[in-house]
Amino acid sequence: FEDMILLGTLTGTKITIYLKDELKDAEIQEISVVLDGFEVSNIREDKKIKQAKKEKLLIYDESEAIPGKHVVDIVLTIKTDRIFKKTLRYEFDVESGIATVIYATVKRAPGKKKEVMPEDIDITVFSEKVRLITKE
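For clarity, every value in this text was computed on a predicted model and none was experimentally measured. Counting starts from 1 at the beginning of each chain's written sequence and moves along it residue by residue. At least 70 in pLDDT is required for a residue's local features to be given in this predicted model, at least 80 for side-chain atom pairs to be given and counted, and no such filter applies to totals for whole chains, interfaces and linings, which use all residues. As a convention, hydrogens and water are excluded, and side-chain values are obtained from all of the structure's heavy atoms.

Participant: Can you walk me through the environment of Val125 in this structure?
Facilitator: Strands are runs of DSSP state E lasting at least two residues, helices are runs of H or I lasting at least four, and both sets are numbered from the N terminus onward. Mapped onto the fold, Val125 is located in strand 8 (residues 121–131). Contacts between residues were defined by any pair of non-hydrogen atoms, one from each residue, lying within 4.5 Å. In this structure Val125 touches Leu88, Tyr90, Ile102, Tyr103 and Ala104, once residues within four positions along its chain are discounted.

Participant: Where do I start with unusual backbone geometry in this structure?
Facilitator: Comment: phi is negative for the bulk of residues other than glycine, and the bulk of peptide bonds are trans. The backbone phi angle of Asp36 is positive, close to 50 degrees, even though this residue is not glycine. With respect to the helices and strands, Asp36 occurs in the loop between strand 2 (27–35) and strand 3 (38–43).

Participant: In this structure, what is going on with the packing of aromatic side chains? I would like to understand it.
Facilitator: Aromatic rings in a pair are described by how distant their centres are and how their planes are angled relative to each other. In summary, the pairing rule links any two rings of Phe, Tyr or Trp, Trp by its six-membered ring, whose centres are within 6.5 Å, and it sorts them by plane angle into stacked for under 30 degrees, edge-to-face for over 60 and tilted for everything else. All told, the structure shown has three aromatic pairs when counted by the stated rule. With 6.2 Å between their ring centres and 20 degrees between their planes, Tyr90 and Phe92 make a pair best called stacked. There is no split in this pair, since Tyr90 and Phe92 are both buried. Ring centres 4.9 Å apart and planes at 25 degrees place the aromatic pair Tyr103 and Phe126 in the stacked group. One end of the pair, Tyr103, is in strand 7 (residues 98–108); the other, Phe126, is in strand 8, with 23 residues separating them in the sequence. Only protein chains enter the accessibility calculation, which uses a 1.4 Å probe; a residue whose area is less than 20% of its type maximum is buried, one above 50% is exposed, and one in between is partly exposed. Relative accessible area serves as the criterion here: at 16%, Tyr103 is assigned to the buried category. For Phe126, a relative accessible area of 48% gives the class partly exposed. A connected cluster of aromatic rings, assembled from ring pairs, spans Tyr18, Tyr103 and Phe126.

Participant: Looking at this structure, how should I read the sheet that holds strand 7?
Facilitator: Across a sheet, strands are paired by hydrogen bonds formed along the backbone, either parallel or antiparallel in direction. Judged by pairing direction, the sheet is mixed, and its four strands sit side by side in the order 4-1-7-8 without closing on themselves. Single-partner strands in this sheet number two, and they are strand 4 (57–62) and strand 8. On average, adjacent strands in this sheet sit at an angle of 15 degrees to one another, irrespective of strand direction. Judged from the five bridges that link them, strand 1 (residues 14–21) and strand 4 form a sheet pairing that is antiparallel. Across the sheet, Thr16 pairs through a bridge with Asp61, a residue of strand 4. Axes, fitted as lines to C-alpha atoms, cover a helix only where it is in contact. Angles between the N-to-C directions of the axes lie from 0 to 180 degrees. Where helix 2 (residues 46–54) meets the sheet, its contacts fall on strand 1 and strand 4, and the angle it forms with strand 1 comes to roughly 80 degrees. DSSP calls a pair of strands paired once it identifies at least 2 bridges connecting them.

Participant: Quick question: what am I supposed to make of the sheet that holds strand 2 here?
Facilitator: Spatially, the four strands line up as an open sheet ordered 3-2-5-6, and their pairing is antiparallel. Of all the strands in the sheet, just strand 3 and strand 6 (83–94) have a single pairing partner and so form its edges. Looking at each pair of strands side by side, their axes are set apart by 20 degrees on average, direction ignored. Here strand 5 (residues 68–79) pairs with strand 6 via twelve bridges, running antiparallel. Note that in strand 6 the partner of Asp73 across the bridge is Arg89. Against the sheet, helix 2 makes contact with strand 2 and strand 3, and its axis sits at roughly 90 degrees relative to strand 2, the strand it touches most.

The quantities given are spatial measurements derived from coordinates; they are silent on function.
Structure (structure tokens):
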């Protein structure tokens, strides 16, 4: 694992993930980010989670990733009249000298009237790549 961290430092890569909450009836209780099978971020603070209603909330920021394929799971614990988990799995490539920025949005699924069950809620995602400016 130490070798992986060192390798990431040398490659100058970055992964940043933002979440926007557009739910009307349901409430996010917890946000967990799992990268390649390891939980790397867990947000439970009510104040911070509520911030995602107003603006894109930074849920993960890492400057040391190994180039190649990666899988991120964003796991949301959501409260309606019951509590359930909703997960988005997203695969992406990391390139040396390139930052990957991932934007996830939680919203009511198309055609649904209320946000009660997991199938009433959608998590949409898109990502962009940004060239890093290296410090010499």
